[in-house]
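Observations on chain architecture
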Amino acid sequence: AQSVSQHNHHVILSEAASLELGCNYSYGGTVNLFWYVQYPGQHLQLLLKYFSGDPLVKGIKGFEAEFIKSKFSFNLRKPSVQWSDTAEYFCAVNAASNDYKLSFGAGTTVTVRA
Amino acid sequence: SAVISQKPSRDICQRGTSLTIQCQVDSQVTMMFWYRQQPGQSLTLIATANQGSEATYESGFVIDKFPISRPNLTFSTLTVSNMSPEDSSIYLCSVEDPSGQSSYNEQFFGPGTRLTVL
């Protein structure tokens, strides 16, 4: 079945540490890739997106993600996290093969300790 | 982007009752979506609602349980019918980019409605 997989359920790290969250998808063909973030008590917000072009995309708040087509991956990174990055992060994919319906990964809870 | 509001923000309901959730968008949009986020799980698409046509439901969701209305281009409702504790979830509506500039189906989400069924 077509799906979106996030490797980590819960990540705990200290401020200034680097963060990388894995995301793999199983859709073939044309895909659009997204990372959404949900801060405590807030609604889902778009962090960054990839449609085409440079596979390294930069989003808000210093986040970036790299699309590696051969690996069906779209990993999220941030070189130095802050306490305010504590949130739940969702990888999402829409694909031509799925009528561009948005499919979400299970989410990764990131806790940053001050 | 779009500003999306939902009512109610949360509710506690008794088993067997129904709840209607409203979603209002600050601009006209063609497609609206309803999602469910069960405790500790990711978002699952319930249905797609286009103005002027019947909603399209995903596998595992049926109109009798989740009737949807879409009376105009800025508003939609989702009803959770004959509720059971298993329906306890956050229900979210979303819309595609109303500016029409994104041809890649980017979605914007409402704040969600947290439903608890006793």
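The structure we're discussing is the one just above.
Read on for an overview of the structure. Along every chain, residues carry numbers that run from 1 in the direction the sequence is written. Chains and ligands are labelled sequentially in the order written, the chains with letters from A and the ligands with numbers from 1. Per-residue local features are limited, in this predicted model, to residues with pLDDT of at least 70; the limit for side-chain atom pairs, both in listing and counting, is 80 or more; totals at the level of whole chains, interfaces and linings are taken over all residues. As a rule here, side-chain values come from all non-hydrogen atoms in the structure, and water together with hydrogens is ignored.

**Remarks on the overall build of chain B**
Regarding its fold elements, chain B presents 0 helices and 11 strands. Secondary structure of chain B in N-to-C order comes out as β-β-β-β-β-β-β-β-β-β-β. Taking 118 residues into account, the globule formula puts the C-alpha radius of gyration at 13 Å, and chain B, at 14 Å, falls close to it. Summarising its shape, the C-alpha atoms of chain B cover approximately 45 × 25 × 25 Å along the three principal directions. Residues counted as buried form 52% of the 118 residues belonging to chain B. Whether two residues are in contact is decided by their heavy atoms, any of which lying within 4.5 Å being enough. Within chain B, contacts between residues at least 6 apart in sequence are counted, and of these 56% link residues at least 24 apart. Accessible surface is estimated by sampling points in the Shrake-Rupley manner with a 1.4 Å probe; for residues, cover comes only from the protein chains shown. With the model as given, the accessible surface of chain B reaches about 5600 Å², and the carbon-plus-sulfur share is 47%. For the purpose of charge, His is not counted, nor are the chain termini; Lys and Arg are scored as positive and Asp and Glu as negative. The atom standing in for a charge is NZ when the residue is Lys, CZ when it is Arg, CG when it is Asp and CD when it is Glu. Separation between the mean location of the 7 positive side-chain charges and that of the 10 negative ones in chain B comes to 10 Å. Runs of H or I in DSSP of at least four residues are treated as helices and runs of E of at least two as strands, each being numbered from the N terminus. Our radius of gyration looks at C-alpha atoms and nothing else; its globule reference is 2.2 Å times the residue count to the power 0.38. Relative accessibility under 20% of the residue-type maximum defines a buried residue, over 50% an exposed one, and the middle range a partly exposed one, all with a 1.4 Å probe and only protein chains included.

**As for the sheet that holds strand E3 (residues 19-25) of chain B**
Residue and element names in this part refer to chain B. Taken together, 4 strands build an open sheet; the order of strands is E1-E3-E8-E7 and the sheet is antiparallel. Strand pairing shows two members of the sheet lacking a second neighbour, strand E1 (4-7) and strand E7 (68-72), which therefore form its edges. Ignoring which end each strand starts from, the neighbouring axes of this sheet average 15° apart. Here a strand pair is declared whenever DSSP counts at least two bridges between the two strands. Here E3 runs beside strand E8 (residues 75-80); their pairing, made up of 6 bridges, is antiparallel. Bridging from a neighbouring strand, Ile21 pairs with Leu78 of E8. To define axes, lines are fitted to C-alpha atoms, for helices over the stretch in contact only, and angles between the resulting N-to-C directions are given on a 0 to 180 degree scale.

**Considering the layout of surface pockets**
For cavity detection a 1 Å grid was placed over the protein atoms alone, and a set of points counts as a cavity when a 1.4 Å probe fits there but cannot get out; an open set counts as a pocket when protein lies on both sides within 12 Å along at least five of seven lines, with lining residues being those that have an atom within 4 Å of a point. Grid points are joined across faces, edges and corners, and a volume is the space filled by probe spheres set on the points. In this model, the largest pocket occupies a volume close to 540 Å³. Taken together, 28 residues make up the lining of the largest pocket; nearest its centre are Gln38 and Gln42 of chain A together with Gln37, Ile90 and Arg114 of chain B. Contributions of two or more residues to the lining of the largest pocket are made by strand E10 (87-95) and strand E12 (108-113) of chain A together with strand E9 (89-96) and strand E11 (113-117) of chain B. Examining the composition of the lining of the largest pocket, we find that 4 residues originate from one element, E11 of chain B, more than from any other. Residues that form the lining of the largest pocket fall into these classes: 8 nonpolar, 17 polar and 3 charged. When its volume is computed, the second largest pocket comes out at roughly 350 Å³. Looking at the second largest pocket, it is lined by 17 residues, and the ones nearest its centre are Tyr27, Leu102 and Ser103 of chain A together with Thr44 and Leu45 of chain B. Breaking the lining of the second largest pocket down by element, the ones donating at least two residues are strand E11 (103-104) of chain A together with strand E5 (43-50) of chain B. Residues are grouped as follows: nonpolar covers Ala, Val, Leu, Ile, Met, Phe, Trp, Tyr, Cys and Pro; charged covers Asp, Glu, Lys and Arg; every other residue, Gly included, is treated as polar.

**Some details on the pairing of E3 of chain B**
Residue and element names in this part refer to chain B. With burial as the criterion, only one face of E3 is covered, namely that bearing Leu19, Ile21, Cys23 and Val25; the residues Thr20, Gln22 and Gln24 on the opposite face remain uncovered. Examined bridge by bridge, E1 and E3 share 4 bridges and lie antiparallel to one another. Counterpart to Ser5 in the pairing with E3 is Gln24.

**Points about the pattern of salt bridges**
All names here are of chain A. What counts as a salt bridge is simple: a side-chain nitrogen of Lys or Arg found within 4 Å of a carboxyl oxygen of Asp or Glu. Per the stated rule, a full pass over the model turns up 6 salt bridges over all chains. For Glu64, the salt bridge identified is with Lys58, shortest N-O distance 2.9 Å. A relative accessible area of 17% means that Glu64 is categorised as buried. Judged by its relative accessible area of 64%, Lys58 is exposed.

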